[in-house]
Amino acid sequence: MDVVEEYKDIVINPKHGYGANLNPCLDCKGFMVTRAKQWMEENGFDFIITGEVIGQRPMSQRKDTMPVIAKESGAGERLLRPLCAQLLPPTLPEQEGWVDREKLFDFNGRSRKPQIELAGRWGFEEWSQPAGGCCFLTNPQYSKKLADLWEARGERRYELDDIMLLKIGRHLRPRPHFKLIIAREEGENRFLQGYRKQFTHLQTVSHGGPLVLVDGSLEGDDEELAAQLTARFSQGREAESVRVSVTRTDGTSREFDVKPFAPSEVRQEWYVA
């Protein structure tokens, strides 16, 4: 189910607030279960299973917050958590005998060893990484970049492309009205190529180097500043002069030579993350 547009309000205005960073975990889980319930009803199923474990996550997986998710999602007693069911009141599937409560588990706490041991017993040799490690909003650097994006725009809004670009490259804001997104390796370079027509971009001509997108507007001597930073992260960082091309969104471009910034000239406060 494509929930990109709906999910924006969860990130921007979480009813239950954020965790340590910009992670609205409790609202997020409730939202996902709400959508699962919708799908369940539309397709003639009877209950929902999640892999939640009491105490696994500090915000959404606590004994006092699990009932909140069940209630606010509307799933109620049709939400079954098999891994910790024996520590929770019986749900409808257990009461009706659709599942055998005695075969469910009482896992709790942060350790994932019980899940891994269970997976081994069932013959699973590979599994995805823990969910907390896959949510970018729990990542302090990602959250810092999102907060910077909102501050620069003066409002809390974002598009899917914004979210994708926050995952990629170094982000430097040398001046309040523009930010540079600098590819760190060839894979990121190829990814950013897809955004060249949407953003003013820079690239070194005389030396190998990263593609750099400009999020914002270049005014006055901004082009030279952006070019010097582009050269700093290129293979010409030690050269006396590096030729850089700047291409605007209207397709016009120009090339000029700049002296790359020395490491000491790249201010630490410019780094968003």
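These remarks concern the structure in this document. Each chain carries its own residue numbering, running from 1 in the written order of its sequence. Two thresholds apply to this predicted model, a pLDDT of at least 70 for residue-level local features and 80 or more for giving and counting side-chain atom pairs, whereas whole-chain, interface and lining totals are computed over all residues. The basis for the side-chain values is all heavy atoms of the structure; hydrogens and waters are excluded.

### Remarks on the packing of helix α2 (residues 25–42) against helix α3 (residues 66–73)
Viewed as axis vectors pointing N to C, α2 and α3 meet at an angle of 45°, and their least axial separation amounts to 8 Å. Compared by their axis directions, α2 and α3 come out oblique. Crossing hand, α2 versus α3: right-handed. Residues Leu 26, Lys 29, Gly 30, Val 33, Thr 34 and Lys 37 of α2 pack against Val 68, Ile 69, Glu 72 and Ser 73 of α3. Interaxial angles span 0 to 180 degrees and are taken between N-to-C directions of axes, which are lines fitted to C-alpha atoms, for helices over the stretch in contact. Note on conventions: DSSP H or I runs of at least 4 residues are helices, E runs of at least 2 residues are strands, and numbering of each starts at the N terminus. Each angle gets one of four labels, with under 35 degrees taken as roughly parallel, over 145 as roughly antiparallel, 65 to 115 as roughly perpendicular, and the rest as oblique. The crossing is said to be left-handed when, going from far helix to near helix, the turn is anticlockwise and less than a right angle, and right-handed when the turn is clockwise. Contacts are assigned to residue pairs that have any heavy atoms within 4.5 Å of one another.

### Topic: the nonpolar core
Buried Ala, Val, Leu, Ile, Met, Phe, Trp, Tyr and Cys residues form a nonpolar core when they are joined through side-chain atoms within 4.5 Å. Each residue is assigned to one of three classes by its accessible area relative to the maximum for its type, calculated with a 1.4 Å probe on protein chains only: buried under 20%, partly exposed between the two thresholds, exposed over 50%. Within the largest apolar cluster, 22 residues are counted, with the highest numbers of intra-cluster contacts made by Phe 178, Leu 180, Leu 202 and Leu 229. Counting residues per element, this core draws most heavily on helix α9 (residues 222–232), which supplies 5 residues. If you look at the next biggest cluster of nonpolar residues, it comprises 15 residues, including Ile 12, Tyr 142, Trp 150 and Leu 166.

### So, the packing of aromatic side chains
Any two rings among Phe, Tyr and Trp, with Trp reduced to its six-membered ring, count as a pair given centres within 6.5 Å; such a pair is stacked if its planes are under 30 degrees apart, edge-to-face if over 60, and tilted if neither. Within the structure shown, the criterion is met by 7 aromatic pairs. Seen in terms of ring centroids, Phe 47 and Trp 98 are 6.0 Å apart; in terms of plane orientation they differ by 25°. Their pairing is stacked. Placement of Phe 47 in the loop between α2 and β1 (48–49) and of Trp 98 in the loop between α4 (92–95) and α5 (113–121) is noted, with a sequence separation of 51 residues between them. By relative accessible area, which is 24% here, Phe 47 ends up partly exposed. Taking relative accessible area as the criterion, Trp 98 reaches 41% and is therefore assigned partly exposed.

### A look at the layout of surface pockets
The space that makes up the second largest pocket amounts to roughly 380 Å³. Looking at the second largest pocket, it is lined by 16 residues, and the ones nearest its centre are Tyr 7, Val 11, Leu 137, Tyr 158 and Ile 163. Looking at the lining of the second largest pocket, the elements with two or more residues in it are α1 (4–12), α6 (140–153) and α7 (160–166). A class-by-class count of the residues in the lining of the second largest pocket yields 15 nonpolar, no polar and 1 charged. Within this scheme a cavity is a closed region of a 1 Å grid, computed over the protein atoms alone, that accommodates a 1.4 Å probe without allowing it to escape, whereas a pocket is open but has protein on both sides within 12 Å along at least five of seven lines; lining residues each have an atom within 4 Å of a point. Grid points are joined across faces, edges and corners, and a volume is the space filled by probe spheres set on the points. In this classification, Asp, Glu, Lys and Arg are treated as charged, Ala, Val, Leu, Ile, Met, Phe, Trp, Tyr, Cys and Pro as nonpolar, and every other residue, Gly included, as polar.

### Examining the pattern of salt bridges
The term salt bridge refers to a side-chain nitrogen of Lys or Arg lying within 4 Å of a carboxyl oxygen of Asp or Glu. Enumeration over the complete set of coordinates arrives at 21 salt bridges. Across the pair Lys 37 and Glu 41 runs a salt bridge, and its minimum N-O distance is 2.8 Å. Separated by 4 residues within a single helix, Lys 37 and Glu 41 lie in helix α2, roughly one turn from each other. Residues joined in a network through salt bridges with shared partners are Glu 5, Lys 8 and Glu 159.

### A word on the packing of α1 against α2
The geometry of α1 relative to α2 is characterised by a closest axis approach of 10 Å and an angle of 155° between their N-to-C directions. For the element pair α1 / α2, the angle class is roughly antiparallel. Remark: the crossing between α1 and α2 carries right-handed chirality. Together, Glu 6, Tyr 7 and Ile 10 of α1 and Asp 27, Cys 28, Phe 31, Met 32 and Arg 35 of α2 make up the contact between the two elements.

### Some points on the sheet that holds strand β7 (residues 242–247)
In this analysis, strands are considered paired if DSSP registers two or more bridges between them. In space, the 6 strands of this open sheet follow the order β3-β4-β6-β5-β7-β8, with antiparallel pairing throughout. Strand pairing shows two members of the sheet lacking a second neighbour, β3 (170–175) and β8 (253–258), which therefore form its edges. Averaged over neighbouring strand pairs, the angle between their axes works out to 25° when direction is ignored. Sheet analysis places β3 next to strand β4 (residues 178–182), joined by 4 bridges and oriented antiparallel. In the sheet register, His 171 faces β4, and the bridge partner there is Ile 181. In the packing of α6 onto the sheet, the strands contacted are β3, β4 and β6 (212–216), and the crossing angle to β3 comes to about 35°.

### A look at empty space enclosed by the protein
As enumerated under the stated definition, the model contains 1 cavity of 30 Å³ or more in all. In this model, the largest cavity occupies a volume close to 60 Å³. Taken together, Leu 149, Asp 162, Leu 165, Leu 166, His 171, Lys 179, Ile 181, Phe 199 and Asp 215 make up the full set of residues lining the largest cavity. Breaking the lining of the largest cavity down by element, the ones donating at least two residues are α7 and β4. Broken down by element, the residue count for the lining of the largest cavity peaks at 3 residues, all from α7.

Everything listed here is a matter of coordinates, which is why it stays silent on function.
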